[in-house]
Amino acid sequence: REDLKIAERHEKLKRILALLAKGTALAIILAAPQTARLFKGFARDKTNWNEWKLFNRRYLYYTIKNLEKQKLVEYGKDGNLNVVKITDQGRKKVLKYALEKITLTRPGYWDGKWRLIFYDVLHKRNSVRERFRGYLQSLGFYSLQKSVYLHAWSCEKEIEFLRSYLGISGEV
């Protein structure tokens, strides 16, 4: 029971961090909660509005303070407004959460093409190489050799994301 509560809180924290990473204007809502309904009318990007409505002001405030302690966000003033900015460390955390959700979408039909992934990551970066191999296996790639993998579905975006996240763009 306690594990479920912790998992639920962690999931909410992930969602808030992801929303901050999207650049949603949270500052005005934290400064004056009565202005939240105004924000809905004037915000250019209203796609995340319903997600923000799920969190009450007190919960958001303490969560953001907690994220600030973890150095994932910076909380401060900009003139009369309270402003929340995501840090580089926070962006990395968001990318890590995105890795947990990465999947290959199966098309309606197979286009008859096989996708080969070749990589040559240096031995001194063994942990990165093993992580990349693990991601390939979790995505359903078939191992032809230790550093050659095969898949039938389109995977360019996913592989590019993994390459940039792991810092192995020139090695894959």
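Coordinates for the structure precede this section.
Computed from a predicted model, the values in this text were never measured in an experiment.

About the criteria used
- Residues numbered from 1 in each chain as written.
- Predicted model: local features only at pLDDT ≥ 70, side-chain atom pairs only at ≥ 80, totals over all residues.
- Heavy atoms only, no water.
- Helix = DSSP H or I, 4+ residues; strand = E, 2+ residues; numbered from the N terminus.
- Expected span 1.5 Å × (residues − 1).
- Buried < 20%, exposed > 50% of the residue type's maximum accessible area, 1.4 Å probe, protein only.
- Arc of directions from axis to C-beta.
- Patch = residues over 30% accessible without salt bridge, like charges linked within 9 Å, V, L, I, M, F, W, Y side chains within 5 Å.
- Areas by Shrake-Rupley, 256 points an atom, 1.4 Å probe, with all protein chains shown as cover.
- Salt bridge = Lys/Arg side-chain N within 4 Å of Asp/Glu carboxyl O.
- Pairing = 2+ DSSP bridges.
- Core = buried A, V, L, I, M, F, W, Y, C linked by side-chain atoms within 4.5 Å.

**Q** Can you walk me through helix 7 (residues 126-138) in this structure?
**A** Each turn of an α-helix holds 3.6 residues, which means side chains three or four residues apart point in the same direction. Its 13 residues give helix 7 an end-to-end C-alpha distance of 18 Å, which sits within 8% of 18 Å, the value for a rise of 1.5 Å per residue. When we look at burial in helix 7, the residues that qualify are Val128, Arg129, Phe132, Arg133 and Leu136. For helix 7, the angular spread of buried residues about the axis comes to 135 degrees, placing them on one side. In this structure, helix 7 carries Ser127 and Ser138 as exposed residues pointing more than 90 degrees from its buried face. Remark: Gly140 follows helix 7 within two positions and exhibits a positive phi of approximately 95 degrees.

**Q** It is not clear to me how a nonpolar patch on the surface should be interpreted in this structure. Could you clarify?
**A** Together, Leu116, Phe118, Tyr142 and Leu144 give the surface a local cluster of nonpolar side chains, amounting to about 440 Å² of exposed area. For the nonpolar patch, the elements supplying multiple residues, two or more each, are strand 3 (115-118) and strand 4 (142-145). Relative to the helices and strands, Tyr142 is located in strand 4.

**Q** For this particular structure, what's the right way to read the pairing of strand 4?
**A** Consecutive residues of a regular strand have side chains that alternate between opposite faces of the sheet. The pairing of strand 4 with strand 5 (residues 148-151) spans three bridges and is classified as antiparallel. Bridge pairing in strand 5 places Ser143 opposite Tyr149. Taking the residues that link successive antiparallel strands as the turn, the strand 4-strand 5 hairpin has two residues.

**Q** Even after reading the chapter, I still don't get the nonpolar core, so can you show me in this structure?
**A** Across soluble globular proteins, nonpolar side chains have a tendency to be buried as a group. Residues Ile117, Phe132, Leu136, Phe141 and Ile159 are the most contacted members of the largest nonpolar core, which totals 17 residues. Every element with two or more residues in this core is listed here: helix 7 and helix 8 (156-166). If you look at the next biggest cluster of nonpolar residues, it comprises 13 residues, including Leu17, Ile64, Ile86 and Val94.

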